[in-house]
Amino acid sequence: MQTLSEYLDYLEIEKGLSQNTLDAYRRDLSDFLDFCGELKAIQRTQINAYIRNLHEKKYSPTSIIRKIASIRGFFKWACINEIISANPALTLEQPKVPQRLPKVISVAEIEEILSQNLTKIETVIVELLYGCGLRVSELVNLKINDYDLKGKFLECTGKGFKDRIVPLGTKAVNAIKKYLPEREFFLQKCNKKSKKLLINEHGKEVTRQEIYTFIHNQGKNLHKTISPHTLRHSFATHLLENGADLRVVQELLGHSNVSTTQLYTHISKKRLKDVYFSINN
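Residues numbered from 1 in each chain as written. Predicted model: local features only at pLDDT ≥ 70, side-chain atom pairs only at ≥ 80, totals over all residues. Heavy atoms only, no water.

Caption draft 1: Structural context of the overall build of the protein chain. In terms of regular secondary structure, the protein chain is built from 12 helices and three strands. Here the protein chain holds 281 residues, and 41% of them are scored as buried. Just so you have it, the protein chain exposes about 16400 Å², and 51% of that area is on carbon and sulfur atoms. Taken as two groups, the 42 positive and 31 negative side-chain charges of the protein chain have centres that lie 3 Å from each other. (Helix = DSSP H or I, 4+ residues; strand = E, 2+ residues; numbered from the N terminus. Buried < 20%, exposed > 50% of the residue type's maximum accessible area, 1.4 Å probe, protein only. Areas by Shrake-Rupley, 256 points an atom, 1.4 Å probe, with all protein chains shown as cover. Lys, Arg positive; Asp, Glu negative; His and termini not counted. Charge placed at Lys NZ, Arg CZ, Asp CG, Glu CD.)

Caption draft 2: Main features of the confidence of the model for the protein chain. Across the protein chain, pLDDT averages 87, with 92% of residues at or above 70. The element-level mean pLDDT for the protein chain is lowest in helix α12 (residues 258-279), coming to 61, with helix α6 (residues 120-131) highest at 96. (pLDDT = per-residue confidence, 0-100.)

Caption draft 3: Highlighting the sheet that holds strand β2 (residues 153-157). Ordered by their spatial adjacency, three strands build an open sheet running β1-β2-β3, and the pairing between neighbours is antiparallel. Sheet topology places β1 (147-148) and β3 (163-167) at the edges, where each strand pairs with a single neighbour. Sheet topology places β2 next to β3; five bridges connect them, and they run antiparallel. Counterpart to L154 in the pairing with β3 is V166. (Pairing = 2+ DSSP bridges.)

Caption draft 4: Geometry of the packing of helix α10 (residues 228-241) against helix α11 (residues 246-253). Between α10 and α11, whose axes approach to 10 Å, the crossing angle comes to 160 degrees. Comparing the axis directions of α10 and α11 gives the class roughly antiparallel. The way α10 lies across α11 gives a crossing that is right-handed. Taking contact as the criterion, the partners of R232, F235, A236, L239 and L240 in α10 are, on α11, L246, V249, L252 and L253. (Axes fitted to C-alpha atoms, helices over the stretch in contact; angles between N-to-C directions. Parallel < 35°, antiparallel > 145°, perpendicular 65-115°, else oblique. Left-handed = near helix turned anticlockwise from the far one by under 90°. Contact = heavy atoms within 4.5 Å.)

Caption draft 5: Examining the pairing of β3 more closely. Of the two faces of β3, the one holding R164 and V166 is buried and the one holding D163, I165 and P167 is not buried anywhere. The turn joining β2 and β3, which pair antiparallel and follow one another in sequence, is formed by five residues; a positive phi near 70 degrees is taken by G160.

Caption draft 6: The arrangement of α11 in detail. Among the residues of α11, those classed as buried are V249, Q250, L252 and L253. In a view along the axis of α11, the buried residues occupy a sector of 165 degrees, so they form one face of it. With respect to the buried face of α11, the exposed residues turned more than 90 degrees away are R247 and E251. Where α11 begins, the side chain of D245 points an oxygen toward the backbone nitrogen of R247, at a separation of 2.8 Å. One or two steps after α11, the chain reaches G254, where phi turns positive at roughly 80 degrees. (Arc of directions from axis to C-beta. Polar contact = N/O pair within 3.5 Å; in protein donor to acceptor, adjacent residues only side chain to side chain.)

Caption draft 7: Representation of the layout of surface pockets within the structure. Here the second largest pocket is characterised by a volume of approximately 320 Å³. Lining the second largest pocket are 14 residues; nearest its centre among them are T119, I121, E122, N200 and E201. Of all the secondary structure elements, the ones that give two or more residues to the lining of the second largest pocket are α6, α8 (170-189) and α9 (208-221). (1 Å grid on protein atoms, 1.4 Å probe; cavity = no way out; pocket = protein on both sides within 12 Å on 5 of 7 lines; lining within 4 Å. Points joined across faces, edges and corners; volume = space filled by probe spheres on them.)

Caption draft 8: Quick peek at the environment of V166. Tracing the sequence through the fold places V166 in strand β3. Taking the C-alpha atoms as reference, V166 lies 43 Å from N87; in sequence the two are 79 residues apart. Leave out the neighbours within four places in its chain, and V166 touches C132, F153, L154, C156 and L252.

Caption draft 9: Expanded view of the pairing of β2. By the alternation rule, side chains of β2 split into L154 and C156, which are all buried, and F153, E155 and T157, of which none is buried. Note that β1 and β2 share two bridges and pair antiparallel. From the neighbouring strand, D148 faces β2, where its bridge partner is F153. If you look at the hairpin formed by β1 and β2, you'll find four residues sitting between the two strands, and K152 has a positive phi there, around 60 degrees.

Written as structure tokens, this is what we have:
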């Protein structure tokens, strides 16, 4: 559908949304339009019927909330651009996302992961996800000139194409230094060239899925289900638990709103209570 393509172009160019977010919007809105039909003919009753259908299909509350947000944004844009004369989703309420505390692991569990027989590139992955709090998308997109090992910092591009500077700890610096000769060897052996930092033994750029699989397998060793984002959550939580300022953590994570970062203070309070009651019960 031409209108949907134009809207996705708007989200990419004007809003700077990532490819993964754009794909989610495309799926949500394509599904919605397949259900409701021609955009200009859609009425509020059809939107309500679609939402009821989502509930009947047992979609999770989070998925339904995301789909409603997609619909609201799409109709608002279509109305502003005079593609439709009236917005049938104008009074459509956006349910609140149920607040769930992010999953974190302890410093001891991070050390246990690093104590495994990791390859040089695997060590870099853990050190940058945990030691720098990077998102997995930021990690796979890191280029060879995005860091300064002498200055001990790296520059990454986050959501909305926002650049930020993140300090590099000594362990991360050492891990990168040990890995770089191996990276060069893989590229030369496979006769490949790349500006990306993470290159696997086949001379190919490491993918998000490869990192997800690696971290998931490390979680199995801990008897836990974890993802790359678990390490990012742990990074933020451990900083706050050790006295870091909330605004500093916000900058390090690249959050545009401090309220997002404040969620980690709730984790710290919960962990504090858990420790207290484990001792005093």
